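# Commentary on secondary and tertiary structure
What follows is each chain in one-letter form.
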Amino acid sequence: MNKAKIIFSVDKMAVLCNMLDGEIKARIDSRHSPEKKEFYKEMGVINSSPAITRFMHKHPNIFGKKKFINSKGSNIFEEILPISSEYGQEIYVKEAVRRLKYTYDLSDQEIVDMEAFLNDFWNLSDRPEIKKIISATQKYKDSIEEIWRRQEDFVIGYVKDVLGYDPEVVGTVCTYIMYPNFNIHRTCQAKSNQTNLFFGKMKEKNPDKIIAFLAHQVFHQPVLPYKPTMTKKQKEEFHGFIKFLTDKDVYNKLTGKSYLDIVTQNENPEVMARIYPYWLGYRYRNADKEGMDPAKQIEKAIERDKKYFDRLPEKSKKRKLYAGYDFEKLDPKKIANFFKERKGITPYQFAKINFEDIRNVYKTEYIPNVDDAR
């Protein structure tokens, strides 16, 4: 496998879009809660910069219009975030207007007004206060890139070993680092062979989690892209496989901690719970080649994750997220046996498994009858 190409960059307009998106969402989220509003102010999400506050007051026709900012916080800055500023102001404004015209069904007068607004938005990026923020973002970008580069070869080599073959790299990831006052982890398919990641984690100080998050992007579309023939359900389950392969297993390898200790982006608890026992079978399918018993390794992993789950507070979000894993029902020997003749299984073959068939992974006493288990 050639090294997956990941590029780290800062785009000034993307940084501004994310800051304004965060400011809007935080103001709406905290409108009935002084405590929340104070929290967002302390974190620099609300009133992030005097220049931004002045800019918002200057354009009530945009910031005060429900058409462009709805009651749940969705807004025009989410739409124009992916537009690159590398080609200059004129092309940036033209492309932004083109997108907004169809998304928001702009009238002729609204197009004129939007062009003026976007030109002023571009000029905002050149204000001294904003330049300081861009400079700080550049330093944050350097720190994220350093974290990744230190472990890059190890992570790529490790995931390749888990896969059991040398996959082809078919794309690149361009990671745009955001000013870390407002969380974002969003991907856009810029080209058939390029994925853009917009990344910034306000509270995340754990470098191992950052590495795991980035590993997901390095391996998903550039190495393990969705197949055109996949159904929506297969894509969801294949994505779950990638989350276990990268986010969770890489994090476990770096730290020794439970899969449950790291929550992936937009984690779907039902999908992940279905896949979990089959993933463990896949993960340890070749353990015997290293002199280990696959069933014993699966059992250890289940015990590790169950122990973590049992320590979670009863009403915590994490406990609710992982409530469907049914650790006590899983049978390590059955799981290992299912993969006994599937040691060479590929991720795409894995995605075709019927994960709802509990007969392959549950202890016999937990299977009501054959018909119900199908």
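Above: the structure in question.
## Describing the nonpolar core
Counting residues in hydrophobic clusters, the biggest one holds 73 residues, and the most contacted among them are Trp 148, Phe 241, Tyr 276, Trp 279, Leu 280, Tyr 282 and Phe 350. Among the elements that make up this core, the one with the highest residue count is helix α8 (residues 128–163) (ten residues). Apart from the residues lying within four places of it in its own chain, the contact partners of Tyr 282 are Val 162, Leu 163, Phe 241, Phe 339, Ile 345, Pro 347 and Phe 350. Judged by nonpolar contacts, the second largest core, of 46 residues, contains Ile 80, Ile 83, Val 93 and Met 178.

## Thoughts on the environment of Ser 33
Structurally, Ser 33 is set in the loop between α1 (12–29) and α2 (34–42). Residue classification places Ser 33 among the buried residues on the basis of a relative accessible area of 17%. Taking the C-alpha atoms as reference, Ser 33 lies 34 Å from Asp 126; in sequence the two are 93 residues apart.

## Some details on the environment of Asp 29
Locating Asp 29 in the fold gives a position in helix α1. With a relative accessible area of 37%, Asp 29 lands in the partly exposed category. The spacing of Asp 29 and Tyr 40 is eleven residues in sequence and 9.7 Å in space, taken between C-alpha atoms. Here Asp 29 is in contact with Lys 36 and Tyr 40, once residues within four sequence places are set aside.

## Observations regarding the pattern of salt bridges
A full pass over the atoms with the stated rule returns 30 salt bridges. A salt bridge links Asp 21 to Lys 25, with the nearest nitrogen and oxygen atoms 2.4 Å apart. In this pair, Asp 21 and Lys 25 both sit in helix α1, four residues apart, roughly one turn of the helix. Classification of Asp 21 as buried rests on a relative accessible area of 10%. Linking Glu 237 and Arg 274 is a salt bridge whose minimum nitrogen-to-oxygen distance equals 3.2 Å. Here Glu 237 is found in helix α10 (residues 232–255), whereas its partner Arg 274 is found in helix α11 (residues 269–283), with 37 residues between them in sequence. What makes Glu 237 buried here is its relative accessible area of 2%.

## Quick look at the packing of aromatic side chains
Tallying each qualifying case throughout the model produces 34 aromatic pairs. Taking 5.5 Å as the distance between ring centres and 55 degrees as the angle between the ring planes, the aromatic pair formed by Tyr 92 and Trp 122 counts as tilted. In this pair, Tyr 92 sits in helix α6 (residues 89–103) while Trp 122 sits in helix α7 (residues 108–124), placing the two residues 30 residues apart along the sequence. Here the two residues Tyr 92 and Trp 122 agree in accessibility, since each one is buried. Residue placement shows Lys 201 over the ring face of Phe 213; its charged tip is 5.0 Å from the ring centre. Looking at Arg 342, its charged tip hangs above the ring of Phe 338, at a distance of 3.9 Å from the centre.

## A closer look at the packing of helix α3 (residues 50–58) against α7
Packing of α3 against α7 leaves a shortest axis separation of 11 Å and a crossing angle of 170 degrees. Judged by the angle between their axes, α3 and α7 are roughly antiparallel. Facing α3, whose interface residues are Ala 51, Ile 52, Phe 55 and Lys 58, α7 presents Phe 117, Asp 120, Phe 121 and Leu 124.

## Regarding helix α12 (residues 294–311)
When the terminal C-alpha atoms of α12 are compared, their 26 Å separation across 18 residues agrees well with the 26 Å that a helix rising 1.5 Å per residue should span. Here α12 has its buried residues at Pro 294, Ala 295, Gln 297, Ile 298, Ala 301, Ile 302, Asp 305, Tyr 308 and Phe 309. Looking down the long axis of α12, one finds its buried residues gathered within 165 degrees of arc, a one-sided arrangement. In this structure, α12 carries Lys 300, Lys 307 and Arg 311 as exposed residues pointing more than 90 degrees from its buried face. Check the buried side of α12 and you find it contacts α11, α13 (317–321) and α14 (332–338). Two or three places before Ala 295, at the start of α12, stands the capping residue Asp 293, its side-chain oxygen 3.1 Å from that residue's backbone nitrogen.

## Considerations on the sheet that holds strand β2 (residues 172–177)
If you trace the four strands from one edge of the open sheet to the other, you get β1-β2-β4-β3, paired in mixed fashion. The sheet is open, and its two borders are formed by β1 (5–9) and β3 (184–191), each paired with just one other strand. Within the sheet, the average angular offset between the axes of one strand and its neighbour, ignoring direction, is 20 degrees. Pairing of β1 with β2, which is carried by five bridges, proceeds in the parallel orientation. Residue Ile 7 lies in a different strand from β2, and its bridge partner there is Cys 174. Here α8 sits on the sheet in contact with β1, β2 and β4 (194–200), set at roughly 160 degrees to β1. Taken strand by strand, helix α9 (residues 207–219) contacts β1, β2, β3 and β4, and its axis lies near 160 degrees from that of β4.

## A closer look at the pairing of β2
With five of six residues buried, β2 lies mostly within the body of the structure. Relative to β4, β2 runs parallel, the two being bridged by six bridges. Looking at the pairing, Cys 174 lines up with Asn 196 of β4.

Reading the values: rules and limits
- Residues numbered from 1 in each chain as written.
- Predicted model: local features only at pLDDT ≥ 70, side-chain atom pairs only at ≥ 80, totals over all residues.
- Heavy atoms only, no water.
- Core = buried A, V, L, I, M, F, W, Y, C linked by side-chain atoms within 4.5 Å.
- Buried < 20%, exposed > 50% of the residue type's maximum accessible area, 1.4 Å probe, protein only.
- Helix = DSSP H or I, 4+ residues; strand = E, 2+ residues; numbered from the N terminus.
- Contact = heavy atoms within 4.5 Å.
- Salt bridge = Lys/Arg side-chain N within 4 Å of Asp/Glu carboxyl O.
- Phe/Tyr/Trp six-rings, centres within 6.5 Å; stacked < 30°, edge-to-face > 60°.
- Lys NZ or Arg CZ within 6 Å of the ring centre and 35° of its normal.
- Axes fitted to C-alpha atoms, helices over the stretch in contact; angles between N-to-C directions.
- Parallel < 35°, antiparallel > 145°, perpendicular 65-115°, else oblique.
- Expected span 1.5 Å × (residues − 1).
- Arc of directions from axis to C-beta.
- Polar contact = N/O pair within 3.5 Å; in protein donor to acceptor, adjacent residues only side chain to side chain.
- Pairing = 2+ DSSP bridges.

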